[in-house]
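# Working through the structure, step by step
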Amino acid sequence: MLSFLPGPVLFFISTLLLIINTVLWAGLISIGGIIKVFIPFASGQNGLTKLMNRFMWAWASCNGGILYLIAKIEWDIQGLEDLDEKGWYLLISNHVSGFDIAAQTYILRNNIPMLKFFLKRELIFVPFLGLGCWALGMPFMNRTSPAKLKKNPKLKGKDLETTRKACEKFKHSPTSIINYVEGSRFTLDKHKRQQSPYRHLLRPKAGGIAFTLSAMGEQFTGLLNMTLAYPDADLTSKEGILYQVMSGRVKRIVVRVEKMPVPTVDSKVYFSQAETRVEFQRWLNQIWVEKDQQLDEIFKKYIAEKTEDK
């Protein structure tokens, strides 16, 4: 354990180790992805995909090892029972920091298939990371803006078709897809700008979930609602939660997972009827109301414990 070292030193060490870990496993995954292009048989492609998913599992496990090395993290996790490594899941979560992905893949790596993300097309050009994500079959999306749709109505429905094609590859092996429905990481400035009705969350956006459910909703065996909190992190600090974690200042990470029924979304009805979209948004808003209350209880419990320790 290196937690006795100064924060900046811990940050340097953990950043270096994280880069090495990512380059190593992303490099192996990328090589596997290139080889996969030249394999003509579906069975061979699926076998290589499983191997590359194990490489991602190793990346997630090594991230946990790096965290163990630099900090005495207390993991407070509930709700991983009755999950299946061979299932298909859609996971929705609040988004707090740049460390969320590392934390979530590490926590869930032995309970559900390795997480897949819908990524912005620009991210494919990020060295190692972009090619690795491509090799794992993660979809790179180019969402059509309302302005472009107004100029060219023929583009309507193209995003849904792109999503459907991207999801086709997920039907051949168990998959977990994660969607950060707030669309962005939580900050106090964004919270204020949005005039969010929630104390600890940004406003949720239903479009991304609806796209995914309409494309492969019948494939999912469960909807996982994850709540993620860093109760001792300082949200007012300019350093951000990622720096605080990697410099050993965050001591507790709280995770709550709730398995829910998978809602049915008919793309023809959803995208043509405003009333249906409003109803779906209300369903998501209610989940966020409950998530906000859960976060409030987590933070109050932490403050009470901290007060008792004094």
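Keep in mind the model is a prediction, meaning the values are calculated, not measured. Numbering of residues begins from 1 in every chain and follows the order in which that chain's sequence is written. Whole-chain, interface and lining totals are the exception, using all residues; otherwise, since this is a predicted model, local features are given only for residues with pLDDT of at least 70 and side-chain atom pairs are given and counted only at 80 or more. Excluded from the side-chain calculation are hydrogens and water; included are all heavy atoms of the structure.

### Digging into the side chain of Asn21
To be explicit about the condition: Runs of E in the DSSP output that reach at least two residues are strands. Runs of H or I that reach at least four are helices, and both are numbered from the N terminus. The term polar contact refers here to a pair of N or O atoms within 3.5 Å; inside protein, the definition further demands a hydrogen-donor-capable atom paired with an acceptor-capable atom, and it admits residues adjacent in sequence only when both atoms are side-chain atoms. In what follows, a contact means two residues having at least one pair of non-hydrogen atoms within 4.5 Å.
Along the chain, the position of Asn21 falls in helix H1 (residues 7-37). A polar atom in the side chain of Asn21 sits 3.0 Å from the side chain of Trp25. If we ignore the near neighbours within four places in the chain, the residues touching Asn21 are Trp59, Cys62, Asn63 and Ile66.

### Quick word on the packing of helix H2 (residues 42-70) against helix H3 (residues 100-108)
A pair of packed helices can be characterised by two numbers: the angle between their axes and the separation between those axes. Where we set the bar: For helices, the fitted line uses only the C-alpha atoms of the stretch in contact; every axis is such a line through C-alpha atoms, and the angle between N-to-C directions lies from 0 to 180 degrees. Should an angle lie under 35 degrees it is considered roughly parallel, over 145 roughly antiparallel, and from 65 to 115 roughly perpendicular; all remaining angles are considered oblique. Throughout this entry, Asp, Glu, Lys and Arg are counted as charged residues, while Ala, Val, Leu, Ile, Met, Phe, Trp, Tyr, Cys and Pro are counted as nonpolar. The remaining residues, Gly among them, count as polar.
The geometry of H2 relative to H3 is characterised by a closest axis approach of 8 Å and an angle of 110° between their N-to-C directions. Our classification of the angle between H2 and H3 gives roughly perpendicular. Between H2, through Met56, Trp59, Ala60, Ser61, Asn63 and Gly64, and H3, the contact on the second element is made entirely by Ile101, Ala102, Thr105 and Tyr106. For the contact of H2 with H3, the class distribution of residues is six nonpolar, four polar and no charged.

### A few points about the sheet that holds strand S8 (residues 252-260)
Applied cut-off: Here, strands pair whenever DSSP counts at least two bridges between them.
Spatially, S1-S8-S7-S2-S6-S3 is the arrangement adopted by the six strands of the open sheet, whose pairing is mixed. Across the chains shown, the open sheet's two edge strands, defined by having one partner strand only, are strand S1 (74-78) and strand S3 (115-117). Averaged over all pairs of adjacent strands, the angle between strand axes in this sheet comes to 25°, irrespective of strand direction. Bridging between S3 and strand S6 (residues 176-180) involves three bridges; their strand directions are parallel. Note on S6: the bridge partner recorded for Lys116 is Ile177.

### Considering the confidence of the model for the chain
Keep this limit in mind: What pLDDT reports is the predictor's confidence in each residue, on a scale of 0 through 100.
Per-chain confidence: the chain averages 87 in pLDDT, with 91% of residues scoring 70 or above. Averaged pLDDT values over the elements of the chain bottom out at 60 in helix H5 (residues 146-151) and peak at 96 in strand S7 (residues 222-229).

### Digging into the pairing of S6
Put simply, the test is: When accessible area is computed with a 1.4 Å probe and restricted to protein chains, residues below 20% of their type maximum are described as buried, those above 50% as exposed, and intermediate ones as partly exposed.
Here S6 lies mainly inside the structure; five of its five residues are buried. Here S6 shows no split at all, with Ser176, Ile178 and Tyr180 on one side and Ile177 and Asn179 on the other all buried. Pairing analysis gives five bridges linking strand S2 (residues 89-93) to S6, with the strands arranged parallel. Looking at S6, one finds that Leu91 is bridged to Ile178.

### Considerations on the pattern of salt bridges
Basically, it comes down to this: A pair is scored as a salt bridge if a Lys or Arg side-chain nitrogen falls within 4 Å of a carboxyl oxygen belonging to Asp or Glu.
On inspection of all chains with the given rule, the structure shows seven salt bridges. Residue Arg249 is joined to Glu239 by a salt bridge in which the shortest nitrogen-to-oxygen separation is 2.4 Å. A residue pair is termed long-range when its members are at least 10 positions apart, and Arg249 in the loop between helix H9 (240-246) and S8 and Glu239 in the loop between S7 and H9 qualify at ten residues. Ionic pairing is found between Lys300 and Asp296, a salt bridge with its closest N-O pair at 3.1 Å. Of this pair, Lys300 and Asp296 both sit in helix H11 (residues 274-309), separated by four residues, roughly a single helical turn. Take Lys300: its relative accessible area is 54%, and that puts it in the exposed class. Through salt bridges with shared partners, a single ionic network connects Arg199, Asp292, Asp296 and Lys300.

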